[in-house]
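Chain by chain, the residues:
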Amino acid sequence: MSLSGPLALSYVTVMVQLTNCEAATGGKTVFLSLLYSSPDMDKREFLKTSSAFLAGTMLSPLASGQQKSAVRTNWSGNYTYSTDRLHQPQTIEQVREVVKSCNKVRALGARHSFNGIADSTENQISLAHLDHMDLDRETHTVTVGAGVTYGQLAPYLDGHGFALHNMASLPQISVAGAIATATHGSGNKNGNLATAVSALEVVTANGEVVVFSRKRDGEQFQGIPVNLGGIGVVTKVTLDVQPTFQVSQVVYENLSMDQLERHLDEIFASGYSVSLFTDWQNHRISQVWVKRRVEPGSTPKFAPELLGAKLATRKLHPLAGHSAESCTEQLGIPGPWYERLPHFRVNFTPSSGAELQSEYLIPRERGYEAILAIEQLRDHVTPHLFITELRTVEADNLWMSTAYQRPSMAIHFTWKPEWPAVKSVVPMIEEKLAPFNPRPHWGKLFTMAPSRIETLYTEMSSYQALLAHYDPHGKFRNRFINTNIYGA
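To keep things clear, this report deals only with the structure shown in the data block. (Residues numbered from 1 in each chain as written. Predicted model: local features only at pLDDT ≥ 70, side-chain atom pairs only at ≥ 80, totals over all residues. Heavy atoms only, no water.)

Describing the pairing of strand 14 (residues 273-278)
For strand 14, a buried count of six out of six residues is recorded, marking the element as mostly surrounded by other parts of the structure. On strand 14, burial covers both faces: S273, S275 and F277 on one face and V274, L276 and T278 on the other are all buried. Bridging between strand 14 and strand 15 (residues 284-294) involves five bridges; their strand directions are antiparallel. Opposite L276, over in strand 15, you have V288 as the bridge partner. (Buried < 20%, exposed > 50% of the residue type's maximum accessible area, 1.4 Å probe, protein only. Helix = DSSP H or I, 4+ residues; strand = E, 2+ residues; numbered from the N terminus. Pairing = 2+ DSSP bridges.)

Re the packing of helix 7 (residues 367-375) against helix 9 (residues 419-433)
Two elements in contact, helix 7 and helix 9, have axes whose closest approach is 9 Å; the angle formed by their N-to-C orientations is 145°. Classified by chirality, the crossing of helix 9 by helix 7 is right-handed. Touching A370, A373 and I374 of helix 7 are I429, K432 and L433, all from helix 9. (Axes fitted to C-alpha atoms, helices over the stretch in contact; angles between N-to-C directions. Left-handed = near helix turned anticlockwise from the far one by under 90°. Contact = heavy atoms within 4.5 Å.)

What to know about helix 3 (residues 150-159)
Of the positions making up helix 3, those classed as buried are Y150, G151, L153, A154 and L157. When helix 3 is viewed along its axis, its buried side chains cluster within an angular range of 160° and face the same direction. Tucked inside the fold, the buried residues of helix 3 contact strand 6 (133-136), strand 7 (141-145), strand 8 (162-163), helix 4 (175-180) and strand 11 (233-240). The first or second residue beyond helix 3 is G161, which carries a positive phi of 90°. (Arc of directions from axis to C-beta.)

Details of the sheet that holds strand 11
Strand order in this open sheet of five strands is 6-7-11-9-10, and the pairing throughout is antiparallel. A strand with exactly one partner marks an edge of an open sheet, and here the two such strands are strand 6 and strand 10 (209-213). When the angles between neighbouring strand axes are averaged without regard to direction, this sheet yields 15°. Judged from the five bridges that link them, strand 7 and strand 11 form a sheet pairing that is antiparallel.

Concerning the side chain of Q222
Along the polypeptide, Q222 turns up in the loop between helix 5 (214-217) and strand 11. The residues contacting Q222, other than those within four sequence positions of it, are N397, L398 and W399.

Comments concerning the pattern of salt bridges
Tallying each qualifying case throughout the model produces eleven salt bridges. The residue R216 makes a salt bridge to D217 at a minimum N-O spacing of 3.8 Å. What makes R216 exposed here is its relative accessible area of 54%. Because the salt bridges share partners, they merge into one network encompassing E359, E389 and R391. (Salt bridge = Lys/Arg side-chain N within 4 Å of Asp/Glu carboxyl O.)

A few points about the packing of helix 6 (residues 260-268) against helix 7
Think of two packed helices as two axes; the pair is described by the angle between the axes and how far apart they sit. In the contact formed by helix 6 and helix 7, the axes pass within 9 Å of each other and the chain directions differ by 125°. Overall, the two elements helix 6 and helix 7 adopt an arrangement that is oblique. Along this stretch, helix 6 crosses helix 7, giving a crossing that reads as right-handed. Residue-level contacts link L260, E261 and L264 of helix 6 to G367, Y368 and I371 of helix 7. Here the contact of helix 6 with helix 7 is built from residues that sort into four nonpolar, one polar and one charged. (Parallel < 35°, antiparallel > 145°, perpendicular 65-115°, else oblique. Nonpolar A, V, L, I, M, F, W, Y, C, P; charged D, E, K, R; others polar.)

Describing the packing of aromatic side chains
Throughout the structure, instances matching the rule amount to eleven aromatic pairs. By way of ring pairs, the aromatic residues F245, Y272, W337 and Y338 are connected into one cluster. Lying across the ring of F245, R293 places its NZ or CZ 3.7 Å from the centre. Above the face of the Y486 ring, R477 is positioned so that its terminal group lies 3.8 Å from the ring centre. (Phe/Tyr/Trp six-rings, centres within 6.5 Å; stacked < 30°, edge-to-face > 60°. Lys NZ or Arg CZ within 6 Å of the ring centre and 35° of its normal.)

Things to note about the sheet that holds strand 4 (residues 106-108)
The strand order 3-5-4 describes an open sheet built from three strands, whose pairing is parallel. Where the open sheet ends on each side, the last strands, each with one partner, are strand 3 (86-87) and strand 4. When strand 4 meets strand 5 (residues 124-126), the two strands line up parallel, connected through three bridges. In the strand pairing of strand 5, R106 is matched with Q124.

Things to note about the environment of V381
Take V381: it is sitting in helix 8 (residues 378-381). Separated by 48 residues in sequence, V381 and I429 have C-alpha atoms that sit 8.7 Å apart. For V381, the contacting residues outside a window of four places in its chain are W280, F413, W415, V425 and I429.

Quick notes on unusual backbone geometry
With a phi angle near 50°, L307 is a residue other than glycine that sits in the positive phi range. Along the chain, the position of L307 falls in the loop between strand 16 (305-306) and strand 17 (309-311).

Topic: the pairing of strand 15
The element strand 15 is largely enclosed, with a buried count of eight among its eleven residues. The pairing of strand 13 (residues 246-256) with strand 15 spans ten bridges and is classified as antiparallel. Following the sheet pairing, E253 is matched in strand 15 by Q287. Here strand 14 hands over to strand 15 after five residues, with W280 in that stretch at a positive phi of 75°.

Below is the structure:
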């Protein structure tokens, strides 16, 4: 392969380094370190070009246990991981060998968390190669490998006549990562994505494979699905499924916030899944996305107005002025559940998102009060905000779920990539929401003190006991876990 252009002016050094972990094959792990030196080429261009170069060599794909030395970040690019050692096993047995041989290790999903929950200063393990999917028609369950994303799973299920109860806004996230952080969609009667979990296969700290079951493990199971990566490396997830269904989606524009005082419950109950978008200016909800299940043989009907908001006659993006090409179909056109429940299309794959995210779940019955509290900060919030989304989530009994034992309203902030400014606003939001006992989303940005977080989870001590049992020496603990679970 010949090199030309800026790369020809740089030099590439390939180094072999032994790490503190043995590879799953029994030898020492190997990783590549690419160095660049060119006045005509920036680092981003170098990494892009060198990745293409390596893809054509005999070193790709990496064998089990090998790691690449390069700057690795999350999906947004706001968080840089603290280790260059990334294990990529291809079998559960190789996962076991990696876990047994490492002193410290954290599982890495689709990299959609905006904080350090998946970070490690020593080793990360990606389960991307564990991508099998097995449907059990008799039990109405599907078992998937930990590397499977909802974008892969949903078409597979629909093609076999089945569906999930809900999906998040983006379908590109992994099943294992989403449930571990209590990620959710919307809907008064829809629990977060982890509520569909009926069993989990986990490699624990000693390399043992343990299968947890809702049916068999009783109360202890309530601490397993939303596990924050603390009990071990999840290798398989079994989810409840239901017969496939269709959904019709419309958008209403310009709803006065005055309507929320008396009609908030009515608005959120107007569809199977409902989302409200606002920039906190002009005392208005800019868009209301209503998604309704379509019963066989029926024709979906939507009123031309919703409490004064007008039914949109064109497809819209949540952000004004942005192309709606990436968004799921609207205008009331029925379609498969997985092509309507997310906001963005399954076949639309964002390579990165230049944004930051924060989210807090508060009791649903106090939703309007919380909205008014945040609105008082509009002049602090809006300059750094892309959009805020309001959604509802049904209560559950999962110990570390943000909707634990209370029907909730989620207040989600999608920020511009301006962390120093956003970092100064987030504590203001947390202070305004304090009377409502807000639970921050585990995978997003927050500044809440660990002592405060502890008061929000009545089963925190039970969860800590679970971690102590399956990870007695803290192999899966990292700075995030140490701070937010043990830092009170």
